[in-house]
Amino acid sequence: MERRESAQERAAELTERVGSVQGKIDDALARRDAALEGFDSEAASVAKEREVIAASVPADLLKLYEKLREQQGGVGAAKLYQRTCQGCRQELAITELAEIRKAPSDTVVRCENCRRILVRTSESGL
Ligand SMILES: [Zn+2]
């Protein structure tokens, strides 16, 4: 009799634990689904933003960028930051930096090492 009551108590305890774990699984699944919805929405928003920006880029430059992007694992242009190409992380040679410094601001300059388009900013170190 006692053994039977003990077994019933143990079964009730385990049933409660299973319910608790199932609750945690349900919560995690709901959070995952919400996150996936967020990603989809963000992806659509970024795609639209990209479309608008791409429309403002000259066709030949966009074509070059797309070609480089395909060749360079998804990154066709990189920031020139403190004399370093942020695409390949190589510091540019002094002669290369001098050439870039002389180039007009609307000239497309590229990294000697990885050939990506370099984006010049005030932090380029020129
Ligand atoms: Zn580079």
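Residues numbered from 1 in each chain as written. Predicted model: local features only at pLDDT ≥ 70, side-chain atom pairs only at ≥ 80, totals over all residues.

A. Quick look at the overall build of the chain. Regarding its fold elements, the chain presents 3 helices and 4 strands. Secondary structure elements in the chain, listed N-terminal to C-terminal, are α-α-β-β-α-β-β. Relative to a compact globule of 126 residues, whose C-alpha radius of gyration would be 14 Å, the chain shows 28 Å and is clearly more extended. With the C-alpha coordinates of the chain rotated into their principal frame, the extents come out at 95 × 30 × 25 Å. Within the span of the chain, comprising 126 residues, buried residues form 9% of the whole. Put simply, 56% of the contacts in the chain that link residues at least 6 apart link residues at least 24 apart. (Helix = DSSP H or I, 4+ residues; strand = E, 2+ residues; numbered from the N terminus. Rg over C-alpha atoms; globule rule 2.2 N^0.38 Å. Buried ≥ 20, exposed ≤ 12 C-beta atoms within 10 Å, placed from the backbone. Contact = placed C-beta atoms within 7 Å.)

B. Inspection of the nonpolar core at higher detail. In this structure, Leu-68, Ala-78, Leu-80, Cys-85, Leu-92, Cys-111, Ile-117 and Leu-118 together form the largest nonpolar core, which totals 8 residues. Looking at this core, the elements with two or more residues in it are strand 1 (77-81) and strand 4 (117-119). Ignoring sequence-local partners within four residues, the contact set of Leu-118 consists of Ala-78, Leu-80, Cys-85, Val-109, Arg-110 and Cys-111. (Core = buried A, V, L, I, M, F, W, Y, C linked by C-beta atoms within 7 Å.)

C. View of the confidence of the model for the chain. For the chain, the average pLDDT comes to 95, and 99% of its residues sit at 70 or higher. The secondary-structure element of the chain with the lowest mean pLDDT is helix 1 (residues 2-55), recorded at 95, while strand 2 (residues 84-85) shows the highest, at 98. (pLDDT = per-residue confidence, 0-100.)

D. Up close: helix 1. In this model helix 1 runs 80 Å from its N-terminal to its C-terminal C-alpha over 54 residues, within 8% of the 80 Å that 1.5 Å per residue would give. Within helix 1, only 0 of the 54 residues are buried, which leaves the element largely exposed. (Expected span 1.5 Å × (residues − 1).)

E. Here's a closer look at unusual backbone geometry. One non-glycine residue, Arg-83, lies in positive phi territory at about 65°. The residue Arg-83 is located in the loop between strand 1 and strand 2 in this model. The backbone of Arg-89 shows a phi angle near 65°, a positive value even though the residue is not glycine. Here Arg-89 shows up in the loop between strand 2 and helix 3 (94-102).

F. Representation of the environment of Arg-116 within the structure. One can find Arg-116 in the loop between strand 3 (109-110) and strand 4. By the C-beta count within 10 Å, which is 23 here, Arg-116 ends up buried. Setting aside chain neighbours within four positions, we find Arg-116 in contact with Leu-68, Gln-72, Val-75, Gly-76, Ala-77, Ala-78, Cys-85, Gly-87, Arg-110 and Cys-111.

G. Spatial organisation of the pairing of strand 1. Pairing between strand 1 and strand 4: 3 bridges, direction parallel. Following the sheet pairing, Ala-78 is matched in strand 4 by Leu-118. (Pairing = 2+ DSSP bridges.)

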